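# Topology and contacts: notes
If you want the building blocks of each chain, they are given just below.
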Amino acid sequence: ATPTCPRTDCAMPTPSDATVDPSVPTEDPAWRELLAEPAERFERRIGKAKRLIYPRRTAEDWRKASFASDTALAAQLEAIPDNGPRIDTREVSREEFVRDWEQPRRPVVIRGATESWAAGAAGDRQGRGGAWSLGELLRQYGGERFKVGEDDDSYAVWLKLKYYLRYLATSRDDSPLYVFDSSFAERSGTSRLGRDYAPPHYFADDLFRYAGERRRPPYRWFVLGPARSGSYVHIDPLGTSAWNALLQGRKLWALLPPHVPKEVVQPTPKLHGGREAVAWWANVYPKLAAATDPDHRPLTLVQTAGETVYVPGGWWHCVLNLDVTVAVTQNLCPRSSFDSVWRRVVKSRPKMSKRLAERLAVDEPLLHQRTVELAKLPPEEKGGDSSSSSSSSSSS
């Protein structure tokens, strides 16, 4: 008999008793070898990671809501409308993007931004595809560690990619572990991933570049996860905007404007399924979709491979993977959001704000003058954005 983990909180389905996700290239020799290996070593390592990230969860807790087998929920998610506006990089100039989307802070789906990337296409059943296809990721990075969460002391929890991919292929957890790795481009074993893509030209003018790589907060993430994994509803830190480029699979997005109250999008009663993206879609989204106030009805969109989603600063968003997905995402400070981002940086990251101010004084004197003006404003006047009325923070 195949050996199993002696602990009850690390049980993981194996290819013999669970369906392998259809996104997995099972005809790839490297994947066939991975799926044929005994389950014990994978179960032990996955179980340890789970206990570090969620020490109070039992094995039953990971599947208590039965989301993986909930056909009604699956049908509900597939029926959610895709209402996202779309533009194409080959048809819309950077100036037009800034005017129509960045300055008015409107979310949009962008096509054509990933076509020249080495990260490339998703791959076929034989594992052939771009550098970020599941076959190539296993072959090139299977022995490298990636971040799958944090423990109670905010220390990163790591898993070798081959262990995570084996888990991803068969997981029946309600909300599976999710690779969300911010240092992939800095580690020697995975740094090549950082050269496999380039930020879309719409986002080249990121003012945080003046803070330097050492001072700026984490801003780019390699993202990998199976169906039902995702990000709980949130607003990105420091008022930053973000772009998320998808290389494989589908992501379901809900977005709500900044003025929607937190208690509307993050209700306080405990959700069936916990504080997880899939639980939010199962319990909160249906109520918001039927809300009387039209501002409380989310903009929903289904992102497919090759598409990039732009999320303006301050917008609430909840993201759920409908399939196995591979993506990269980055946060940035565009000129149109400078005022709101600067106030948050000064308050929460004083060392970074000092470095940023020094560089702005040399390279962006008008923006530096704007920081001086903001410092003189009374607190009540700092609540609004003056980016549209200040020449120093207009886009060029």
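This text follows the structure it describes.
Quick caveat: nothing in here was measured; it's all calculated off a predicted structure.

Analysis parameters
Residues numbered from 1 in each chain as written. Predicted model: local features only at pLDDT ≥ 70, side-chain atom pairs only at ≥ 80, totals over all residues. Heavy atoms only, no water. Pairing = 2+ DSSP bridges. Helix = DSSP H or I, 4+ residues; strand = E, 2+ residues; numbered from the N terminus. Axes fitted to C-alpha atoms, helices over the stretch in contact; angles between N-to-C directions. Patch = residues over 30% accessible without salt bridge, like charges linked within 9 Å, V, L, I, M, F, W, Y side chains within 5 Å. Areas by Shrake-Rupley, 256 points an atom, 1.4 Å probe, with all protein chains shown as cover. Salt bridge = Lys/Arg side-chain N within 4 Å of Asp/Glu carboxyl O. Lys, Arg positive; Asp, Glu negative; His and termini not counted. Charge placed at Lys NZ, Arg CZ, Asp CG, Glu CD. Core = buried A, V, L, I, M, F, W, Y, C linked by side-chain atoms within 4.5 Å. Buried < 20%, exposed > 50% of the residue type's maximum accessible area, 1.4 Å probe, protein only. Contact = heavy atoms within 4.5 Å.

## Observations concerning the sheet that holds strand 1 (residues 86–88)
Pairing within the open sheet is mixed, and its 7 strands lie in the order 1-2-11-8-13-6-5. Each edge of the sheet is formed by a strand with only one pairing partner; in this case those strands are strand 1 and strand 5 (179–181). Strand-to-strand twist of the sheet, defined as the mean angle between neighbouring strand axes without regard to direction, takes the value 20°. In this structure, strand 8 (residues 241–248) lies alongside strand 11 (residues 307–311), joined through 4 bridges in antiparallel fashion. Bridge pairing in strand 11 links A245 to T308.

## Concerning a positive patch on the surface
A contiguous patch of positive charge on the surface is contributed by R214, R215, K351, K354 and R355. The topology assignment puts R355 in helix 12 (residues 350–363).

## Quick notes on the nonpolar core
F97 and L224 are the most contacted members of the largest nonpolar core, which has 53 residues in total. It is helix 7 (residues 161–170) that provides the largest number of residues to this core, a total of 7 residues. With residues up to four places along the chain from it excluded, the contact list for F97 reads I87, V92, E102, V108, I110, Y202, F203 and Y310. Counting residues in each nonpolar core, the second largest holds 26 residues, with F67, W281, W316 and L320 among its members.

## Concerning the environment of T325
Mapping T325 onto the fold places it in strand 13 (residues 325–332). Classification of T325 as buried rests on a relative accessible area of 0%. Once the C-alpha coordinates of T325 and L246 are considered, the two residues, 79 residues apart in sequence, prove to be 7.3 Å apart. Setting aside residues no more than four positions away along its own chain, T325 makes contact with V223, L224, G225, L246, Q248, G249, R250 and K251.

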